[in-house]
Amino acid sequence: MTATISPAPASARPPRQSLPRRAFALLRNTWRGLTSMRTALMLLFLLALAAIPGALLPQRNLNTQKVDKYIADRSTLGPWMDRLQLFDVFSSFWFTAVYVLLFVSLVGCIVPRVFDHYKAWRTPPVRAPRNLTRLPHHYSTTTTDSADDVITKARAELRGWRVVERRVQREGRDEATLAPDVARTPGEEVPFSPDIARTPGEEVPFSPDIARRSTDEVTLSAEKGYFRELGNIVFHLALVGLLVAIAAGRLFGYEGSVIVVADNGPGFCTTSTAAFDSFRAGRVNDGTGLAPMCVRVKDFRADYLPNGQAEMFTADISYQAGADLASDTWRDTTIQVNHPLRVSGDRVYLQGHGYAPTFTVTYPDGRTRTETTQWRPDDGTTFLSSGVMRFDPPGGMFGSEQERRKHQIAIEGLFAPTALLHGNLLTSSYPALTDPAVAIDIYRGETGLDTGRAQSLFALDSEMIKQGRLTKEQRVNLRPGESATLPDGTKVTFDGAKQYANLQVSHDPAQGWVLACALTMMAGLLVSLLVKRRRIWLRAYPDDRPDGERRTVVEMGGLARTDQAGWGGEFDRLRARLLDSTPETPTARTESTRE
């Protein structure tokens, strides 16, 4: 007899999902990946990593000249770095992308956790495990007190804990399934009462009447440490608030920098953006509506270490703001680095300083022109500085405008606060103004003052020199009071130098929120680190001995849900508070294991 085995039918291929379903699944999985805590931590790390170039490279919004010099010194790499916005890190597209993704990821992580924690807060502590000896920390003893007395005492000691008391039969049936009017003797079967039946495992509410009649076990579940997760959630919510506050400050704030000569001169007023040497407005701020304020610098002091390193900058200033502007009242104060003036919602920071040489040009007819202009420090250690000055002849000296332009005077060179000469080469040996000197080239011709084109404060137009429209008349080293005379009798005198202060006016309407969020983050972090989530269970049930003496077996177990470190000591202290007044020492035993 032969049997024919037919091949098993091929399993049907699962139906292919439609395109909308696949698109929805892709979006759902992408959202789940983006809102995971792992992704949030990776984005936070990327944000910190992306901020490194902003700290190491010069930034255009802080110092445009340094950025231009950096690019010019690296003719190949510099332009590519500029295209990648490495000189505008904090406003670059890639930094903004990481910032926004981090914000979305944090929000997506936090919202579900808030609801989960709310549910956990309202959920009563879990039932006691069947075998408490399997827990990392457990304890067992016997006592002559009843189970109700043991549980009542423990319940009174567990103040500040969430406590739930449950009553069950040793066989696992609820006490409420028993007829309350039936007396029980050891080994006697108890009839079932359908009027008060419960499904297996259903929690039975505590009743004093049942407690008095109970001869089965009583369990106590207690839990503490819910503030750990609450502190964690508060920390992340404050982090989101911090990101929002920083973004709001960038949107609605502004920053302006201005150089003010420390000679108690007119200073500057925040009447418009034109009063600043550089100005950066927020995305939704056009620079109008600035808080009115006037500042002038009376004196500037710089403290240096013996090696020339700056120790502290101090400026004595006078300012007007608010009603003082109408009454022309000046108020005196002192500002230092990281100790700004706070007035009218703005902060005036002292960022740095430099030197402004003073030159006087005396023309052949006796008329003079005097200028004091800031020069740029090229060496941050010795403050060897470079700069330019341009002088226009007095009116009426020449017959035509063209002739007047040909006799403009320009000075370009170096300034040393503490002069050190190597032959005729000038350098500086110390940043303080102890022995000033200049090494200058004096030019005559068209300086570009009235060409309508922007002119650099620190360098002459090289095209003017190449075209011969600006010719060098003399190169000379001068100390204060010394002068150089040009062939036509014009005399150029170096009068000395004054210090200037670099001030920054900053307005950030969200700075208070940034501080509040930062403090809240610290508080939430401390709570999440210091508070421990832990649970304890007590089980008390009668132990009917053959000699007829009734005793109560008490079991206690403890579990730390997060960190086991230190929980053993706390468990022992809890055991002493809850049970040490009732144990029979000959039968008491304690076991503790650590994972």
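Structure first, text after, so check above.
Source: prediction; values computed, not measured.

Visitor: Sorry if this is basic, but what is going on with the sheet that holds strand β9 (residues 331-336) here?
Guide: Adjacent strands of a sheet form backbone hydrogen bonds with each other and so pair up, either parallel or antiparallel. Reading across the sheet, the four strands line up as β5-β7-β8-β9 and stay open at both edges, with antiparallel pairing between neighbours. This sheet does not close on itself; its edge strands, each paired only once, are β5 (268-269) and β9.

Visitor: Hey, could you run me through the sheet that holds strand β13 (residues 376-377) in this one?
Guide: Across the sheet, which stays open at both edges, the five strands sit in the order β13-β14-β15-β18-β19 with antiparallel pairing between neighbours. The strands lining the two open edges of the sheet, one partner per strand, are β13 and β19 (470-478). As judged from the nine bridges shared by strand β15 (residues 408-416) and strand β18 (residues 437-445), these two strands associate in the antiparallel manner. Considered in β18, the bridge of Ala410 is made with Tyr443.

Visitor: Got a minute to help me understand the state of the cysteines in this structure?
Guide: Chemically, a disulfide is nothing more than a covalent bond linking the sulfur atoms of two cysteines. Here the structure, examined in full by the defined rule, presents one disulfide. A sulfur-sulfur distance of 2.0 Å marks the disulfide that ties Cys269 to Cys294. In this structure, the disulfide formed by Cys269 and Cys294 twists by about 110 degrees around the S-S bond and is classed as right-handed. In this pair, Cys269 sits in strand β5 while Cys294 sits in strand β7 (residues 293-304), placing the two residues 25 residues apart along the sequence. Residue classification places Cys269 among the partly exposed residues on the basis of a relative accessible area of 27%. The class for Cys294 is buried, based on a relative accessible area of 10%.

Visitor: Before we go on, may I ask you to explain the nonpolar core in this structure?
Guide: Grouped burial of nonpolar side chains is what soluble globular proteins tend to show. Judged by nonpolar contacts, the single largest core of 25 residues is most densely connected at Phe268, Val297, Leu350 and Leu503. Counting only elements with at least two residues in this core, the list comes to β4 (254-261), β7, β8 (310-321), β10 (341-343), β11 (346-362) and β21 (491-507). Residue contributions to this core peak at five residues, all from β8. Non-local contacts of Leu503, meaning those with residues more than four positions away in its chain, are made with Gly256, Ser257, Val258, Val260, Phe268, Val295, Val297, Ile335, Val348, Tyr349 and Leu350. In this structure, Tyr355, Ile411, Ile440 and Phe494 belong to the second largest nonpolar core, which totals 23 residues.

Visitor: Please clarify how the pairing of β4 should be interpreted in this entry.
Guide: Two faces belong to every sheet, and in a regular strand the side chains alternate between them. A large share of β4 lies buried, amounting to six of its eight residues. Strand direction decides the pairing type here: β4 and strand β6 (residues 278-281), joined by four bridges, are antiparallel. Opposite Tyr254, over in β6, you have Ala281 as the bridge partner. Strand direction decides the pairing type here: β4 and β21, joined by eight bridges, are antiparallel. Counterpart to Glu255 in the pairing with β21 is Ser506.

Visitor: I keep staring at the packing of helix α7 (residues 147-157) against helix α14 (residues 567-579) and nothing clicks. Help me out?
Guide: A pair of packed helices is characterised by two quantities: the angle between their axes and the separation of those axes. At a minimum axis separation of 8 Å, α7 and α14 run at an interaxial angle of 125 degrees. With respect to α14, the axis of α7 lies oblique. Facing Val150, Lys153, Ala154 and Glu157 of α7, the residues of α14 in contact are Arg577, Leu578 and Leu579. For the contact of α7 with α14, the class distribution of residues is four nonpolar, no polar and three charged.

Visitor: Sorry if this is basic, but what is going on with the pattern of salt bridges here?
Guide: Pairing between side chains of opposite charge can happen when the charged atoms of each approach one another. Throughout the structure, instances matching the rule amount to 27 salt bridges. Across the salt bridge formed by Glu217 and Arg539, the nearest N and O atoms sit 3.4 Å from each other. Of this pair, Glu217 sits in strand β3 (residues 217-224) while Arg539 sits in strand β22 (residues 534-544), placing them 322 residues apart in sequence. Accessibility classification places Glu217 together with Arg539 in one group, the buried group.

About the criteria used
- Residues numbered from 1 in each chain as written.
- Predicted model: local features only at pLDDT ≥ 70, side-chain atom pairs only at ≥ 80, totals over all residues.
- Heavy atoms only, no water.
- Pairing = 2+ DSSP bridges.
- Helix = DSSP H or I, 4+ residues; strand = E, 2+ residues; numbered from the N terminus.
- Disulfide = S-S within 2.5 Å.
- Buried < 20%, exposed > 50% of the residue type's maximum accessible area, 1.4 Å probe, protein only.
- Core = buried A, V, L, I, M, F, W, Y, C linked by side-chain atoms within 4.5 Å.
- Contact = heavy atoms within 4.5 Å.
- Axes fitted to C-alpha atoms, helices over the stretch in contact; angles between N-to-C directions.
- Parallel < 35°, antiparallel > 145°, perpendicular 65-115°, else oblique.
- Nonpolar A, V, L, I, M, F, W, Y, C, P; charged D, E, K, R; others polar.
- Salt bridge = Lys/Arg side-chain N within 4 Å of Asp/Glu carboxyl O.

These figures capture arrangement, not role.
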